[in-house]
Amino acid sequence: MSLDNILNELFPVITESNKPFYDALGEGRLTANKCNECAHTFLPPANHCPNCLSDQVDWTALSGEGTVYSWVEYHRAYHVAFKDKIPYVVAIVQLKEGPRMISNIINYDSDFLKVGMPIQAVFTSGLGDVPIVQFKPIIGKEG
Amino acid sequence: MGSISEKYCIIGVGHTKFGKHPGRTTLEMNVEAIKNAIEDCGINKSEIDAVLCKYPTSNHSMMYSTQVAQAVGIVPKVSGVIDMGGATNINLIQYAITSMELGQCTTAVISFADNPLTGSRNAYTHPWGNDGLYGWFGTPPAYGMIAQRHMDLYGTKSEQLGAIAVAAHKHASLNPNAQSRKVISIEDHQNSKFIAKPLHLYDCCLVSDGGAAVIVTSLENARNLGIKNPVTILGLGQSHPSWDIELREEITVSGAKESGRMAFEMAGLRPQDMDFAQIYDCFSIVNLITLEDYGFCEKGEGGSFVENGRIELGGSLPVNTSGGLLSETGMPGLQLIIEGVRQLRGECGERQVPNARLGVVSNQGGVMTTHSTMILGR
Ligand SMILES: [Zn+2]
């Protein structure tokens, strides 16, 4: 397989309903869906609100502030493209506005990384130069 | 439908060798397991009118139960494949009982076989959802995420997870069927490499080829068939949290909480009535969280509960007396049901729980995505 094929498996599958989310990431903005009927703010993107099933779903800008809900440090690569990246941290990020998402914690010190730690979004490029959003600890606010 | 508690039973259990089966198909291993289960209860194959299967996890195949039925020469009235990962087996038993209540069949075989050890493990290494660019792959890291939160919220220690692995390996050392019969210490656990920190190698289940089967019928039919030692199904439960772990209200609480409540209520029993527990332990943390969610201890106290030999043979709650997924076989769940049956029949030799009369078996799949519970008695 060519490198492109190997990376293809990693890229998000872009659909009509999630395209604005990924387009916004490319512009350095983190967004989530917000339901016009019940105000539920949610990720991953969907064209129906999972709370009330309304299709009146809009977009809302997020602050990029959040806390670590949990995290895990990879010591084994599950994909050839991540072989030279271990160890790396994947976290469930609890965003201030309510939704949670999967992302990475970067610039971390594993002795201090813990559940509840404040973190801030950083807009970066993933493999294949695809825009992603990672998170870094907010210095001085650990704990 | 009234209560089915004490109306149905498991009459036969069988399996292949656990370990490597190079060159054998999953169908062939299903056939061997079913043959052994039929011989175990001594019934005629023609009694079986329902064939229910979990498809081989590492190699999905359509309408798999019809392939198994064909291979064992049965034209079933009721057949089906349920896909709830490691929770499937108990769900299939529930489907069998439901079909019997409807009068559609009388005796069902539930079987599973897979060969991820000598075959392909690719099915386990795809990215989770749309998050491949974040390196979000694999089953052990997802359980590591759950373990880390449990540790941070409740002070659970890696050494306490180690106590679970130590107990499983100790029990497997007394089990001639076990794939790994090596006794390990807490130090061995701590010194084993990180797979996905905080999980060490010894926190993770074995990878195994093999097949297993159980035969279910009504107690009334078991008597008619002259079965001497039926093991009674007293309670059943199931509950299934979300697919994406980040969408769960709290990842340190599993489907075991609701599933266990349902099963104990049906059985009219409490956790403290159990003589043993066979708990799905694809990872040590699952065992700990399931014991909490079933109510053997409070949420957050699982770490201290599993220490000091309490879950070992001779302790107050022997858990995974055959070695479980950590040390008997990594097969997704049927082996735990089989061990529950054997304990209640008093067939376990060196690893027998003295005078075992009641036990609970858990099955779960995905990343605590699915859960089912069965309470057995004699
Ligand atoms: Zn809504």
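Residues numbered from 1 in each chain as written. Chains lettered and ligands numbered in written order. Predicted model: local features only at pLDDT ≥ 70, side-chain atom pairs only at ≥ 80, totals over all residues. Heavy atoms only, no water.

Considering the overall build of chain A
Scanning chain A from N- to C-terminus turns up two helices and eight strands. If you list the helices and strands of chain A from N to C, you get α-α-β-β-β-β-β-β-β-β. What you see for chain A is a C-alpha radius of gyration of 16 Å, in line with the 15 Å of a compact globule of 143 residues. Overall, chain A is about 45 × 45 × 25 Å in size when its C-alpha atoms are taken along their principal axes. (Helix = DSSP H or I, 4+ residues; strand = E, 2+ residues; numbered from the N terminus. Rg over C-alpha atoms; globule rule 2.2 N^0.38 Å.)

Things to note about the overall build of chain B
Counting secondary structure elements, chain B contains 12 helices and 11 strands. By the compact-globule yardstick of 21 Å for 378 residues, chain B fits well, its C-alpha radius of gyration being 19 Å. Dimensions along the principal axes, computed over C-alpha positions, put chain B at roughly 55 × 45 × 40 Å. A burial count over chain B gives 62% of its 378 residues as buried. In the structure as shown, chain B presents an accessible area of about 13400 Å², 49% of it carried by carbon and sulfur atoms. The centroid of the 29 positive side-chain charges in chain B is displaced by 5 Å from the centroid of its 37 negative side-chain charges. (Buried < 20%, exposed > 50% of the residue type's maximum accessible area, 1.4 Å probe, protein only. Areas by Shrake-Rupley, 256 points an atom, 1.4 Å probe, with all protein chains shown as cover. Lys, Arg positive; Asp, Glu negative; His and termini not counted. Charge placed at Lys NZ, Arg CZ, Asp CG, Glu CD.)

Looking at the coordination of the zinc ion
Only Cys-35 of chain A (SG), Cys-38 of chain A (SG), Cys-49 of chain A (SG) and Cys-52 of chain A (SG) from the protein reach the zinc ion as donors, at distances of 2.3 to 2.4 Å. Taken together, the four donor atoms surrounding the zinc ion define angles of 100 to 116° at the centre, an arrangement classified as tetrahedral. (Donors = N, O, S within 2.8 Å, 3.2 Å for Na, K, Ca; no water. Tetrahedral: all angles 85-135°; square planar, octahedral: opposite > 155°, others 65-115°.)

What to know about the pairing of strand β7 (residues 210-218) of chain B
All names here are of chain B. The element β7 is extensively covered by neighbouring structure, given that nine of its nine residues are classed as buried. Relative to β7, strand β1 (residues 8-15) runs antiparallel, the two sharing seven bridges. Bridge pairing in β7 places Gly-14 opposite Ala-213. (Pairing = 2+ DSSP bridges.)

Focus on the domain arrangement of chain B
Residues and elements named next belong to chain B. Entries for chain B in the domain assignment read domain 1 (8-120 + 208-232) and domain 2 (136-204 + 233-377). Inter-centroid distance (C-alpha atoms) of domain 1 to domain 2 is 23 Å. At the interface, 37 residues of domain 1 touch 36 residues of domain 2. In this assembly, domain 1 packs against domain 2 so that about 2800 Å² is buried in total across both faces, 67% of it on carbon and sulfur atoms. (Domains from an automatic or database assignment. Contact = heavy atoms within 4.5 Å. Buried area = accessible area lost by both parts, 1.4 Å probe.)

Here's the deal with the packing of aromatic side chains
Across all of its chains, the model carries nine aromatic pairs over all chains by this definition. Residues Phe-82 of chain A and Tyr-88 of chain A carry aromatic rings whose centres are separated by 5.3 Å and whose planes lie at 35° to one another, so their mutual orientation is tilted. Both residues of the pair, Phe-82 of chain A and Tyr-88 of chain A, count as buried. Clustering of aromatic rings is evident, with ring pairs tying together Tyr-74, Tyr-78, Phe-82 and Tyr-88 of chain A together with Phe-137 of chain B. Over the ring of Tyr-69 of chain A we find Arg-149 of chain B; its NZ or CZ atom is 3.7 Å from the centre of that ring. (Phe/Tyr/Trp six-rings, centres within 6.5 Å; stacked < 30°, edge-to-face > 60°. Lys NZ or Arg CZ within 6 Å of the ring centre and 35° of its normal.)

Overview of the environment of Gly-64 of chain A
Residue and element names in this part refer to chain A. Considering the arrangement of structural elements, one finds Gly-64 in the loop between β3 (57-61) and β4 (65-74). Note: C-alpha distance between Gly-64 and Ile-138 (74 residues apart in sequence) is 11 Å. With residues near it in sequence (within four places) discarded, Gly-64 still touches Leu-30, Ile-119, Gln-120, Ala-121 and Phe-135.

Quick notes on the interface of chain B and chain A
With 31 residues of chain B at the contact, the number on the chain A side is 37 residues. For the pair chain B and chain A, the summed buried area comes to about 3000 Å², and 60% of that belongs to carbon and sulfur atoms. Of all residues in chain B, Asn-130, Leu-133 and Tyr-134 of chain B bury the most surface against chain A, accounting for 28% of the area lost on that side. On the surface where chain B and chain A come into contact, there are zero salt bridges. Linking chain B with chain A are 18 residue pairs in polar contact (both at pLDDT 80 or more), by the criterion used here. For the side of chain B that touches chain A, the secondary-structure elements that each account for two or more residues are α4 (139-154) and β5 (194-197) of chain B. No other element matches α4 of chain B, which puts eight residues into the side of chain B that touches chain A. For the side of chain B that touches chain A, a count of residues per class yields 15 nonpolar, eight polar and eight charged. (Salt bridge = Lys/Arg side-chain N within 4 Å of Asp/Glu carboxyl O. Polar contact = N/O pair within 3.5 Å; in protein donor to acceptor, adjacent residues only side chain to side chain. Nonpolar A, V, L, I, M, F, W, Y, C, P; charged D, E, K, R; others polar.)

Things to note about the state of the cysteines
Residues and elements named next belong to chain B. In total, this model carries zero disulfides over all chains according to the counting rule given. In this model Cys-53 remains outside any disulfide bridge; the closest cysteine sulfur is found in Cys-105, 14 Å from its own. A relative accessible area of 0% places Cys-53 in the buried class. (Disulfide = S-S within 2.5 Å.)

A few points about the sheet that holds β1 of chain B
Residues and elements named next belong to chain B. Read from one edge to the other, the open sheet built from nine strands follows the order β3-β2-β4-β7-β1-β8-β11-β10-β9, with strand pairing classed as mixed. Two strands in the sheet have a free side with no partner beyond their single neighbour: β3 (78-81) and β9 (276-278). Taking each pair of neighbouring strands and ignoring which way they run, the sheet shows an average axis angle of 25°. When β1 meets strand β8 (residues 231-239), the two strands line up antiparallel, connected through three bridges. Opposite Tyr-8, over in β8, you have Ile-233 as the bridge partner. Most of the contacts of helix α12 (residues 334-345) go to β1, to which it runs at about 110°, and overall it touches β1, β4 (107-114), β7, β8, β9, β10 (358-365) and β11 (370-377). (Axes fitted to C-alpha atoms, helices over the stretch in contact; angles between N-to-C directions.)

Things to note about the nonpolar core
Formed by 125 residues in total, the largest nonpolar core has its most connected members in Met-101 and Phe-135 of chain A together with Ile-10, Ile-93, Ile-110 and Ile-233 of chain B. For this core, the leading source of residues is strand β5 (residues 88-95) of chain A, giving seven residues. Among the domains, domain 1 (8-120 + 208-232) and domain 2 (136-204 + 233-377) of chain B are the pair contributing at least three residues each to this core. Among residues more than four places away in sequence, those in contact with Met-101 of chain A are Phe-21, Leu-30, Leu-43, Ala-91, Ile-92, Val-93, Leu-95, Val-133 and Phe-135 of chain A together with Tyr-134 of chain B. Of all hydrophobic cores here, the second largest spans 23 residues; its members include Ile-38, Cys-41, Val-51 and Val-68 of chain B. (Core = buried A, V, L, I, M, F, W, Y, C linked by side-chain atoms within 4.5 Å.)

Quick look at the pattern of salt bridges
Residue and element names in this part refer to chain B. One pass over the structure, following the stated rule, counts 16 salt bridges over all chains. Between Asp-273 and Arg-270 there is a salt bridge whose closest N-O contact spans 3.0 Å. Among the salt bridges present, the one from Arg-351 reaches Glu-339, with a minimum N-O distance of 2.7 Å. Separated by 12 residues along the polypeptide, Arg-351 in the loop between α12 and β10 and Glu-339 in helix α12 bring together distant segments of the chain. A residue is classified by how much of its surface remains accessible, and Glu-339, at 1% relative accessible area, is buried. Each of Asp-40, Arg-345 and Glu-347 takes part in one network of salt bridges that share partners.

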